[in-house]
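Below, each chain spelled out in residue letters.
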Amino acid sequence: MQSMQATLGTPTSSALSRFSTSTQDKSSTAGQTSSTGPQPSRPSIIPPPSKSKGWSTGASGGRMRRIIAEDPEWSLAIVPLLTELCIQHIVENFQNNPILQQLLPEHKQKVLDHLSPDLPLAVTANLIDDESYWRRCCTQRWPVCHVAKHGGSWKRMFFERHLENLLKHFIPSTTDPALILDLLPLCRNEVRRLRVDQFLPPMKLPPRPRSGELSDSGSEGEVEEPTPDHYQLGDLVAGLSHLEELDLVYGVKDCGMNFEWNLFLFTYRDCHSLAATIKACHTLKIFRLTRSKVDDDKARVLIRSLLDHPALEELDLSHNLVGDRGARAAAKLLSHSRLRVLNLANNQVRALGAQSLAHALAHNTNLISLNLRLNCIEDEGGQALAHALQTNRCLTTLHLGGNELSEPTATLLSQVLAVNTTLTGINLSCNHIGLDGGKQLLEGMSDNRTLLEFDLRLSDVAQESEYLIGQALCANREAARQRAPNPSCFLSPITAKGPENPAG
Amino acid sequence: MNPPGPLGALEKEEEHSSTPILGPSIHSDNPRERIQARRLRIAARLEARRREALGEYLDGKKESEEDQSKSYKQKEESRLKLAKLLLCGTELVTNIQVAADIREIHRRVEEGEIRRQRLEKLENEVKTSQDKFDEITMKWEEGKRKRIPQDLWDMLNTQQVHCAGLIEDKNKLISELQQELKTKDDQYVKDLKKQSDDICLLLERMEEQVKNVMKTFRQELNSIEKAFEAERRELLTSNKKKWERALQAHNAKELEYLLSRIKKVEDYEKQLNKQRVWDCEEYNTIKIKLEQDVQILEQQLQQMKATYQLNQEKLEYNFQVLKKRDEESVVIKSQQKRKISRLHDILNNLRSKYTRQIRQFEEENQSLTSDYIRLVTQFKELQKAMRHFALLDDKRFREIWLMNEEEAKDLISKAFDVDRIIHTQHLGLPWTAPDFWFLRNVGPISQQQQRSATQILEEVLIQTEEEGMEEATSETESYLDLPKQVSMKTTRKILMLLCDESGFLIESKLLSLLCPLEKSECYLLKLDAIFSALGIESEDDLYKLVNFFLKYRVHHSPSSQERTSPMSALDPGEQTDLERQKEGSLVGGEPEEKEVPSSPTLIHPNDVLKILEAFVMGLRKPRDPPAPVKVVKYVRDTSKDSAYWEALATVLPYATQNLWDALYTALEKYHLVLTQRAKLLIENNSLEKQNTELQMLLQQYLDSKINSELHVPPTQVLRAPTK
C-alpha cells in the first residue's frame, strides 16, 4: 500500500531507476515520503529534490507501476527506514558530531542503545545521563558490577571505579598527573565515593639495585633520599564537589613474595597533604584510612585537621599503629565533631587511650558505634568505658573484642547492662572474662531488654551462662521485632547483624 | 534469598583482618583445629538446645495463636527457623575471624614474650662480650709489658683464642638470630598459607552457608507455600461444603415455595371461577338495569334536544341582540375612547396648567410672604413710629395744653384783673376772686397711672424723710399718694424691716457696692433688689405686701390687738387711713383686710421670713393671668376736656359780661366824648401853634429885605396853603 502511495507520489519514476538504484536510494525515497514530518532538521539525509525530479521526468509511469506490483522480491521490510539510517549515522559519527539532545525520545533511546561503550569520556561524560549506556560501559569493563554500592547509579559507578582504577595505577613522577586531572571536569558531579586500596610508590629503579647491594637488613630510610611520596589527592578532591566518602589504603596489593616494608610507607608529606585535603573537603562524611601504618603522630595530624569538620560522620583508622596519643586525639575529635562511627580496630590503644576515649564518650551524644577490636585496653580501659556507658545515652554498638579484658570489666559491664537502654550490640569475644564474669554478665542481661547482640565467644565464659545469655538475646530480638512496625521483620536479625559484621 | 551484601562484606572484612597479620604463629595447626572443632561442637549443641527452646517457645506460641491461620503459623515458624539458621551460620563464619583474632592475640603475647627474651639475651650477650672484650683489651696492655717472646706468644695465642671465642660467640648469636629470622620467614610463608587456608575455609563456609541458607529458604518457602495451599484447599473445601449446604437449603426452600405456590394457584383459580360466575350474574343484572337507564336517558335526551333547540333559538336571538349591542357598544366604545383621549388631552392641559399655576402660586406665595414680611417689618416700624409719635403727640399735646392753659389763665387773670379794676375802680364794688378747681389745674386732665413699686418706694422713702423734717406740712400731701392704703410710716417701717431681714435676697456684689452710699439710697437699692427677687413689680403688689404683713400680724397674734388699738389711736391720721383702707379693701374683695389694725413695729423680725414665704406663695397664683392686659395702651379720656375748656371760657359769668357790655357801651360813649374833646383840644392847640407860627413868620417876613424888594414874593404865597 505504501509503495503504491510512494509510486503515486513519484509517478514518473522509471523502472530503470528503481532497479538501478541501490537499497539506500529506495529507502531514501521511502524515507522522504514517510519522514517528511518528523525529521526535517537533518540536512545530510534529505535527498536533493532535483534528483527526484530527474527521476520523475525520466520515464513513463504506467509501465513502471506494473513492474513494481509484479516484483515479488521487493518489500519494504528489507529497506531500513530513513530514521534508522540516520540513527546509524549519528551513532557512527557520534565522536565527531554528538547529536543527542535534539532527538525525539524514542530516537534518543535508539542512539543510546547503539552507542559504543568505547567512546571517549570527554564526549559522553557530560552528554549522556542514560543509565543503560553506562551500564553497558560498566559491564564491558568489569565482570562484577555492584551497582548498589554506588547508590544504584551506573554512571556514578563507572566514574567512581574508573577514577579508582586510575588512582590505583598511578605511579608518581612517572604517570602524567594530567591523566587524572583531565577527568576531573567530567566526573566532578558524579563521584561521591573514592575507595582506593592501593597507592603505588614512585618508581625506584636506580636505587633498587643499590639497596640490594648494601645489605639485606639495611633500613629503607637511609637508602632512599627522595621520600617515596604517593599521589597527592588535594587537587582531585578539591575538584569533586559531591565527594562524601574517602576510603584509602596506603599500601600495595598482591605483592606476594616481593614484599618490602617501604611499599607500605605512609610518609609525613602524604599525611600532611591528606590532612589538608580532608580539611578542605566540606562534604566528606566518611573517612577511612586503613592498613596504612598510621602511627600516633600521623593520626594526630589527621584528626587535628578533622576537628570541627561540618559533615564528617564516620572515621575509620583500623589496622594501623595508633597508640594512646592518637586515641586521645580521637577522643578530642569526639567532642569536637558530629562523629557517629569511630573505628580504631587493630591498633595499639592501651588503657590510657581507652580512658580518654571513655571520658569523651561519657557526655557524647553523637557517637553510635565504637570499635576497639584487637587493641590492648585491658581492664583499666574497659572499666573506664563501662563507667562512661553508665551515663552515655547514644552509643548502640561497642566492640571490645581481643582486648585482654577480664572479670572486673565484666562486673562493671553487667551493671551497665542493667541500666543502659540504648546499647544493642556488644562484642566481648577473645577476652578472658572467666566463669564468674560470665555469670555476672548473665545477671546483668537478665535486667536488660534492649541488647540484641552479645558476642562472648572464646572468652572463657561457662557454656551455660553463654547459652542463657543467648536465650535472653533471643527474647530481646523477638521483642524488638514486635516493637518494630516493619512487616518485613523476617530478616531483622540479619539486618541487625549487618553493622556488626563489617565491624568484626 | 539471603542478600549477598552482608556476606560479601564479611568476606572483605575477613581479608582486611587477615592481611595485616603477617607473623605466623608457632603452634598453628593444632590449636586452631582444636578450637574449631570445639567451636563447632559447641555451636551444634547450642543449636540443638535453641531448637528445643524454640520448639517449646513455638508450642507456647501455638497455643496462644491457635486462632491464627496455619499459614501464619508456618510463616512464623519458618521465620524463626531461618533467623536461627542465619544466626548460626554467621556465627559459624565469624568463628573463623574470632579464631584468627585470638590466634593473633596469642601470637602477640608470644611475640612480646620472645622479643623480651631476645632483648634480654642480647643484652646479656652484649654484657658478656663486653666483659670479654675488656678482658682482651686488658690483656693487650698486659702483653705490651711482656718482654719474653715465649710469654708474648703464649699470650698472643690465648688472646687469639679469646678473640676467636668472642667472634664465635658473636657469630653464634648472629646465626641464631638468622636462624630465627629464617624460621620467621618460614612462619611468614606458613602464615600466608594458613591465611589463604583460612580464607579458603571462610569462603567454603560462606558458600556452604549460602547454599544452606538458599536451600532452607527454598524449603521454607516451599513449606510456606504448601501451608498456604493446604490452607487454601481447606478453605476451598469448607467453602464448597458451605456452598453445597446453602444450595441444598436453597433447593429445599425452592421446592417448598413451589408447592405452596401451586396450592395457592389452585386456590386462586377456584376463587377466580367463583368470581367469574358471580361477575357474570352481576353483569347481566347491571346490563338490564343499564339498558333501562339508557332508554330513560334517551327519552331525556330527546327532551333535552327539544329544550336545546329552543334554547338554541333563544340564544341565537340573544346572540343577534348581543351582536347588535356589541356593535353599538363598539361605537360607544370608540366614542368613549375618543372622549377619553380628548379628556386625557384636557387632563394633560389642566395638569400642565395646574402645575404652572402651582408654580405661579408658589411664586406668588413667595412674593406675598416676602411682602408680608416686609409689611410686618413696616408695620413694626410704623408701630414704633406710632409709639414714638404718640409719645411726641402726648408731649406736644401736653405742651399745647399747657400753653393754651397758660394763655387761658393769662387771659383769665387778665379778665379777673379787668374785672377787679372794673369792680373796684369803675363800679366801686368790692371784688372777690372766684375760686374754681380748674384754675388750679395744671396740665391735661388724666387718671392716676399705676406706678412701679420702686417709684412708690422712692416716694415713700423721700416723703417719710421729709415727714421727719416737716411732718405737718407733708402729711396732707402724702395722703394723696397713698389713698387707700396704710400710712407712710407703717409702710416705711415694714419696708425697713423687710430690708433688714431679707438681706439674703440681695446679691453679695450689690451689697459691697452699696456700702459707700447714703442710708436712704442704700435702702432704696436694697429694696429694689429684694422686690425683683420676690417678683413685686407694681404698686399694687407693694401694697399687697404691706397689707399682707399687717394681716399676718392680726392673724397670728390676736392677743396683741388690744395693744395695737391704743397705738393706732395715737395716730389719728393713720386711723383715718385705716378707715379708708377698709373701704378700699371692700372694693378689692378682700374681707380679711378689714381687721388690719396693725402696727408694723410689733412684727417680730423672725416672722418676716415666714410672712414673705406665705406672701410669695400667695402672690404667684393671681399674678399670672393679667399679664397680657398691659399691652393695651392707656387711652386718654377727652370727655372732660371740653367741659374744662368751657369752664375756662366761662370763668366770667354772664352777668358780669352783660355788665361789662353795658359798661363797654357806656364807656364807648364816654370815650367818644372824650376823643371828641381830645380832638378839639388838639385842634385848639394846633391852631394856637399856627397862630403863633404865623405870627412869627409874619414877623420874619416883615423883617426881611427881600420883602422889601418884593412886594409879594412867591414863597409867601405858597406857604400860606400848606398851613
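As annotated in an unreviewed UniProt entry, chain B carries the name Dynein regulatory complex protein 1 and is attributed to Acinonyx jubatus. According to the UniProt record, the Subunit (unreviewed entry) comment for chain B is "Component of the nexin-dynein regulatory complex (N-DRC). Interacts with CCDC65/DRC2, DRC3, GAS8/DRC4 and TCTE1/DRC5."

For chain A, the name recorded in an unreviewed UniProt entry is Dynein regulatory complex subunit 5, with Acinonyx jubatus as its organism. Of chain A, the UniProt comment under Sequence similarities (unreviewed entry) reads exactly: "Belongs to the DRC5 family." Annotation of chain A in UniProt includes, under Subcellular location (unreviewed entry), the sentence "Cytoplasm, Cytoskeleton, Flagellum axoneme".

Right, let's talk about the overall build of chain A for a bit. Looking only at helices and strands, chain A has 25 helices and 9 strands in total. Per-residue burial over chain A gives 50% buried out of 504 residues. When contacts within chain A are restricted to residue pairs at least 6 apart in sequence, long-range pairs at least 24 apart make up 79% of them. Accessible surface, chain A as shown: approximately 23,700 Å² in total, 55% of it carbon and sulfur.

The next thing to look at is the nonpolar core. Formed by 110 residues in total, the largest nonpolar core has its most connected members in A:Phe287 and A:Phe454. Here A:Phe454 is in contact with A:Leu417, A:Ile426, A:Leu428, A:Leu441, A:Met445, A:Ile469 and A:Leu473, once residues within four sequence places are set aside. One finds B:Leu527, B:Ile530, B:Leu534 and B:Val616 within the second-largest nonpolar core, a separate group that totals 26 residues.

Glancing now at the UniProt feature "coiled-coil region" (unreviewed entry) in chain B. All names here are of chain B. The positions that UniProt labels "coiled-coil region" (unreviewed entry) are, in the present scheme, residues 102-139, 167-253, 280-378 and 677-704. Annotated as residues 102-139, this span is 100% helix and 0% strand, and its ends, taken at the C-alpha atoms, are 54 Å apart. The span residues 677-704 carries 96% helix and 0% strand; its end-to-end C-alpha distance comes to 40 Å.

What follows concerns the environment of A:Leu246. Residue and element names in this part refer to chain A. For Leu246, the position within the fold is in strand 2 (residues 245-248). In this structure Leu246 comes out as buried when scored by relative accessible area, which is 1%. Leu246 sits 50 residues away from Val196 along the chain, and the two C-alpha atoms are 8.1 Å apart. Ignoring sequence-local partners within four residues, the contact set of Leu246 consists of Leu194, Ile278, Leu284, Ile286, Phe287 and Arg288.

Let's shift gears to the packing of aromatic side chains. All names here are of chain A. One pass over the full model with this rule turns up 9 aromatic pairs over all chains. On the numbers, 5.2 Å between centres and 50° between planes, the contact of Trp134 with Phe159 is tilted. In this pair, Trp134 sits in helix 9 (residues 131-141) while Phe159 sits in helix 10 (residues 154-168), placing the two residues 25 residues apart along the sequence. Like Phe159, Trp134 is buried. The cationic tip of Arg161 hangs over the ring face of Trp142; the distance from NZ or CZ to the ring centre is 4.6 Å. In this arrangement the basic side chain of Lys298 is found over the ring face of Tyr268, its NZ or CZ atom lying 5.1 Å from the centre.

Now for the environment of B:Gln160. Along the chain, the position of B:Gln160 falls in helix 4 (residues 149-427). The sequence separation of B:Gln160 and B:Ile136 amounts to 24 residues, and the corresponding C-alpha distance is 9.2 Å.

Before going further, it helps to spend a moment on the sheet that holds strand 6 (residues 369-371) of chain A. All names here are of chain A. Strand order in the open sheet formed by 9 strands is 1-2-3-4-5-6-7-8-9, with parallel pairing between adjacent strands. Whereas interior strands pair on both sides, the edge strands pair on one side only; in this sheet they are strand 1 (193-196) and strand 9 (453-455). Here the average twist between neighbouring strands, direction ignored, is 5°. Across 3 bridges, strand 7 (residues 397-399) lies against strand 8 (residues 425-427) in parallel orientation. In the strand pairing of strand 8, Thr397 is matched with Gly425.

A few words now on the packing of helix 21 (residues 407-419) of chain A against helix 22 (residues 434-446) of chain A. Residue and element names in this part refer to chain A. One way to put it is that helix 21 packs onto helix 22 with a least axis distance of 7 Å and a crossing angle of 5°. As summarised for this structure, helix 21 and helix 22 are arranged roughly parallel, according to the angle between their axes. Contacts between helix 21 and helix 22 involve Glu407, Ala410, Thr411, Leu413, Ser414, Leu417 and Ala418 from the first element and Asp436, Gly437, Gln440, Leu441, Gly444 and Met445 from the second. When the residues that make up the contact of helix 21 with helix 22 are grouped by side-chain class, the tally is 6 nonpolar, 5 polar and 2 charged.

With the rule as written, the count across this model stands at 0 disulfides over all chains. Cysteine A:Cys138 is unpaired, with the sulfur of A:Cys145 as its nearest cysteine sulfur at 5.3 Å.

For A:Met257, the location among the structural elements is in the loop between strand 2 and helix 16 (268-280). Leave out the neighbours within four places in its chain, and A:Met257 touches B:Val189 and B:Leu192.

On inspection of all chains with the given rule, the structure shows 36 salt bridges over all chains. Put simply, A:Glu314 and A:Arg288 hold a salt bridge, and the shortest N to O gap is 3.2 Å. Taken as a pair, A:Glu314 in strand 4 (residues 314-316) and A:Arg288 in strand 3 (residues 286-289) lie far apart in primary sequence, 26 residues in all. Assessed through its relative accessible area of 15%, A:Arg288 is described here as buried. Among the ionic pairs, B:Arg374 bridges to B:Asp371, the shortest N-O distance being 2.5 Å. Of this pair, B:Arg374 and B:Asp371 are both found in helix 4, 3 residues apart, which corresponds to roughly one turn of the helix. Residue B:Arg374 is classed as partly exposed on the basis of its relative accessible area of 44%.

Quick look at the confidence of the model for chain A now. All names here are of chain A. Per-residue confidence for chain A gives a mean pLDDT of 77; residues scoring 70 or more make up 76%. In the model, residues 1-66 has pLDDT below 50 throughout and makes 60 contacts with residues more than four positions away in sequence or in other chains. Counted against residues more than four places away or in other chains, residues 206-225, with its pLDDT under 50, gives 7 contacts.

About the criteria used
Residues numbered from 1 in each chain as written. Chains lettered and ligands numbered in written order. Predicted model: local features only at pLDDT ≥ 70, side-chain atom pairs only at ≥ 80, totals over all residues. Heavy atoms only, no water. UniProt positions renumbered as here; feature names shortened; annotations may be inferred. Helix = DSSP H or I, 4+ residues; strand = E, 2+ residues; numbered from the N terminus. Buried < 20%, exposed > 50% of the residue type's maximum accessible area, 1.4 Å probe, protein only. Contact = heavy atoms within 4.5 Å. Areas by Shrake-Rupley, 256 points an atom, 1.4 Å probe, with all protein chains shown as cover. Core = buried A, V, L, I, M, F, W, Y, C linked by side-chain atoms within 4.5 Å. Phe/Tyr/Trp six-rings, centres within 6.5 Å; stacked < 30°, edge-to-face > 60°. Lys NZ or Arg CZ within 6 Å of the ring centre and 35° of its normal. Pairing = 2+ DSSP bridges. Axes fitted to C-alpha atoms, helices over the stretch in contact; angles between N-to-C directions. Parallel < 35°, antiparallel > 145°, perpendicular 65-115°, else oblique. Nonpolar A, V, L, I, M, F, W, Y, C, P; charged D, E, K, R; others polar. Disulfide = S-S within 2.5 Å. Salt bridge = Lys/Arg side-chain N within 4 Å of Asp/Glu carboxyl O. pLDDT = per-residue confidence, 0-100.

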